[in-house]
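The residues making up each chain are set out below.
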Amino acid sequence: MLILGIESSCDETAASIVGDCRTIKSSVISTQIEEHKKYGGVVPEIASRRHCENILGVTRKALDDAGVTLADIDAVAVTYAPGLIGALLVGVSFAKSLAMSAGKPLVPVHHIAGHIATNYLTHPQLEPPYLCLVASGGHSHIIEVLSYTRFRVVGRTRDDAAGECFDKCARAMGFPYPGGVHVDQAAQTGDPTAFRLPKPTVAGNEFDLSFSGLKTSVINLIHNSQQKGIKLNYNDLSASIQSTISEVLTDRTIRAAEALGYRKVALAGGVSANSGVRAALSAACADKGFEFYMPEKSLCGDNGAMIACQGSYNFLAGITADESLNAIATLSMDEI
Ligand code: KG4
Ligand code: ZN
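Worth saying up front: this structure is predicted, and the values here are computed from it rather than measured.

Cut-off values and rules
Residues numbered from 1 in each chain as written. Chains lettered and ligands numbered in written order. Predicted model: local features only at pLDDT ≥ 70, side-chain atom pairs only at ≥ 80, totals over all residues. Heavy atoms only, no water. Phe/Tyr/Trp six-rings, centres within 6.5 Å; stacked < 30°, edge-to-face > 60°. Helix = DSSP H or I, 4+ residues; strand = E, 2+ residues; numbered from the N terminus. Pairing = 2+ DSSP bridges. Axes fitted to C-alpha atoms, helices over the stretch in contact; angles between N-to-C directions. Buried < 20%, exposed > 50% of the residue type's maximum accessible area, 1.4 Å probe, protein only. Donors = N, O, S within 2.8 Å, 3.2 Å for Na, K, Ca; no water. Contact = heavy atoms within 4.5 Å. Arc of directions from axis to C-beta. Salt bridge = Lys/Arg side-chain N within 4 Å of Asp/Glu carboxyl O.

A.B. asks: Go over the packing of aromatic side chains with me, naming the residues and quoting the values.
C.D. replies: Both the distance between ring centres and the angle between the ring planes are used here to describe each pair of aromatic rings. Overall, the coordinates contain four aromatic pairs when judged by the stated rule. Taken together, a centroid distance of 6.3 Å and an interplanar angle of 80° make the contact between Y120 and Y130 edge-to-face. Of the two residues, Y120 is situated in helix α4 (residues 111-122) and Y130 in strand β6 (residues 130-135); the sequence distance between them amounts to 10 residues. Pairing Y120 with Y148 gives two aromatic rings, centres 5.0 Å apart and planes at 65°, and the pair type is edge-to-face. Within this pair, whereas Y120 is found in helix α4, its partner Y148 is found in the loop between β7 (140-145) and β8 (151-156), the two being separated by 28 residues in sequence.

Okay, here's the thing in C-alpha cells:
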C-alpha cells in the first residue's frame, strides 16, 4: 500500500510517499521559516500564498523521489485540521482535486494524530494503546492513543502551548523565530538552577498544563533587567526555561500514565526535538520502568511523512472523505 501525504497547516509545505504504513519512500519539505523570520512569527496570508506556489512542485518531487506516479498511489491523505485556515485550505483543495482527477480515495488526517504517527515511523514495533505527550507550537496535549485511529485527550494546555512559550521567551531574549531551537542551543552551556521560574499548576484537571505564567514571568524578568541596564546570562536563563518546561511536561505525563495505568509512553510534536524534554521524559520513564518512545529528530517538526503514515492507518480503518471535505482551524482530537 502506498499513500501520498500532504501537509500545509502552518509554515511548511510538505509531501511524502509512505509504503506499508511505516516505510518512508520519499519526504519533501519546503519551509518558509526564512520569510516569516523577518516578522518574528508566521504571517498567515504569506503562508497561504507560499503553499499555493509550492504545493504542486513539492508533491511532484515527492512522487519522483519515490520513483512512482499518481497511478501507483492507493490514496491521497491530507491535513484538514487544526491549523491556519488559509494554509489548510490550500492543502485540502489541492488534495481533493488531485484525488478526484486521479480517481483515488481522499483521506482526512488530524495534524496532531500525524505528529503521534511519527513514532510509528521511528519505532517499527510500537503499537497502541499507549499514552502520548504531544507538544508543539500550537498544542500541548496528553493523549490516550486507544488504537491507531481512536484518541482521548486527558490533559491539555489552558493557555499557551509549550512551543509558544519557548518561542516567546526566545523572542524576548532576541533570538530569531522560531526560537525554541535557539533556547535549546543556549541551554547546553547554561545552569538550569540559575533562575527560579514559576511552575504553573492549574485547578481542576490535574493533567492540564499552563505556560502563560512562565512566559510572562520570563518576559518581565528580561524587560526589568533591560530597564535597569543589567545584562542577564541568556545561557543560564535558557537552561532554566528549558528545565522548567521539561519538568512540568514530564510531571503531568508521568502522573497521567500512573493514574490511567499506562506503562508505555510516547513523545511527539515540534517540541519533542528539545534535548531537555527528551532527556527528562526518557529518564522519568526509565525510573518508573515504563517503555518510552520518541520520534527521530528529523520527524519532530511538521512533515508529510507523518500525514502519509497516519493516513495509511485511517485508510485501513475506512476513514475517507468525499468532495465536501473542508479545512477546520480548531478541532479537538476528541471530536475526530
Ligand atoms: O509541530 P511543529 O513543527 O508545528 C506545530 O504544529 O505547531 O512545532 C513547532 C514548535 C515551535 O514552537 C518550535 O520553536 C518548537 O516546535 N521547537 C522546539 C525545538 N525545535 C522545535 N522547541 C524547543 N526546542 C527545540 N529544539
Ligand atoms: Zn505540527
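Let us keep going from here.
A.B. asks: Can you explain the sheet that holds β7? Please cite residues and give values.
C.D. replies: If you trace the five strands from one edge of the open sheet to the other, you get β8-β7-β6-β9-β10, paired in mixed fashion. Since the sheet does not close on itself, it has two edges, and those belong to β8 and β10 (291-293), each with one partner. In this sheet, neighbouring strand axes are inclined to one another by 20° on average, regardless of whether the strands run parallel or antiparallel.

A.B. asks: Kindly report on the pairing of β7, identifying the contributing residues and their values.
C.D. replies: Burial runs high along β7: six of the six residues are buried. On β7, burial covers both faces: S140, I142 and E144 on one face and H141, I143 and V145 on the other are all buried. Here β6 pairs with β7 via six bridges, running antiparallel. Pairing of V134 across the sheet is with H141, part of β7. Taking the residues that link successive antiparallel strands as the turn, the β6-β7 hairpin has four residues. Pairing geometry for β7 and β8, over five bridges, is antiparallel. Looking across to β8, one finds that V145 is bridged to F151.

A.B. asks: How would you summarise the coordination of the zinc ion (ligand 2) if you had to cite specific residues and measurements?
C.D. replies: Donor atoms from the polypeptide that coordinate the zinc ion (ligand 2) comprise H111 (NE2), H115 (NE2) and D302 (OD), at 2.0 to 2.1 Å from the metal. Along the chain, the residues donating to the zinc ion (ligand 2) fall in the pattern H-x3-H-x186-D. Of this pair, H111 sits in helix α4 while D302 sits in the loop between β10 and α10 (304-316); the two residues are 191 residues apart in sequence, bridging distant segments of the chain. Here D302 falls in the buried class, since its relative accessible area comes to 15%.

A.B. asks: Can you lay out the sheet that holds strand β3 (residues 23-31) for me, pointing to particular residues and giving the numbers?
C.D. replies: Strand order in the open sheet formed by five strands is β3-β2-β1-β4-β5, with mixed pairing between adjacent strands. Each edge of the open sheet is held by one strand with a lone partner, namely β3 and β5 (106-110). The mean angle between the axes of side-by-side strands here comes to 20°, regardless of whether they run parallel or antiparallel. In terms of strand pairing, strand β4 (residues 75-81) meets β5 through five bridges, oriented parallel. Opposite T79, over in β5, you have V109 as the bridge partner. Each of β1 (2-7), β2 (12-19) and β3 is contacted by helix α2 (residues 44-66), which is oriented at about 25° to β2, the strand it contacts most. In this fold helix α3 (residues 85-102) packs onto β1, β4 and β5, with an angle of close to 160° to the strand it touches most, β4.

A.B. asks: Describe in detail helix α6 (residues 180-187), supporting the description with residues and values.
C.D. replies: Taken residue by residue, α6 has G180, V183, D184, A186 and A187 as its buried positions. Relative to the axis of α6, the buried residues are bounded by an arc of 170° and lie together on one face. The elements touched by buried residues of α6 are α5 (162-172), α8 (234-260) and α9 (275-288).

A.B. asks: Which residues make up the pattern of salt bridges, and what values go with them?
C.D. replies: Once the charged atoms of two side chains with opposite charge are near each other, the side chains can pair. The tally for this structure, following the rule as stated, stands at 15 salt bridges. Between R49 and E45 there is a salt bridge; the shortest N-O distance is 2.6 Å. In this pair, R49 and E45 are both assigned in helix α2, four residues apart and thus about one turn of the helix distant. For R49, a relative accessible area of 48% corresponds to the partly exposed category. Two residues, K168 and E164, come together in a salt bridge whose shortest N-O distance is 3.5 Å. Here K168 and its partner E164 are both found in helix α5, four residues apart, which amounts to about one turn of the helix. Among the ionic contacts, a cluster of salt bridges with common partners joins E206, D251, R252 and R255.

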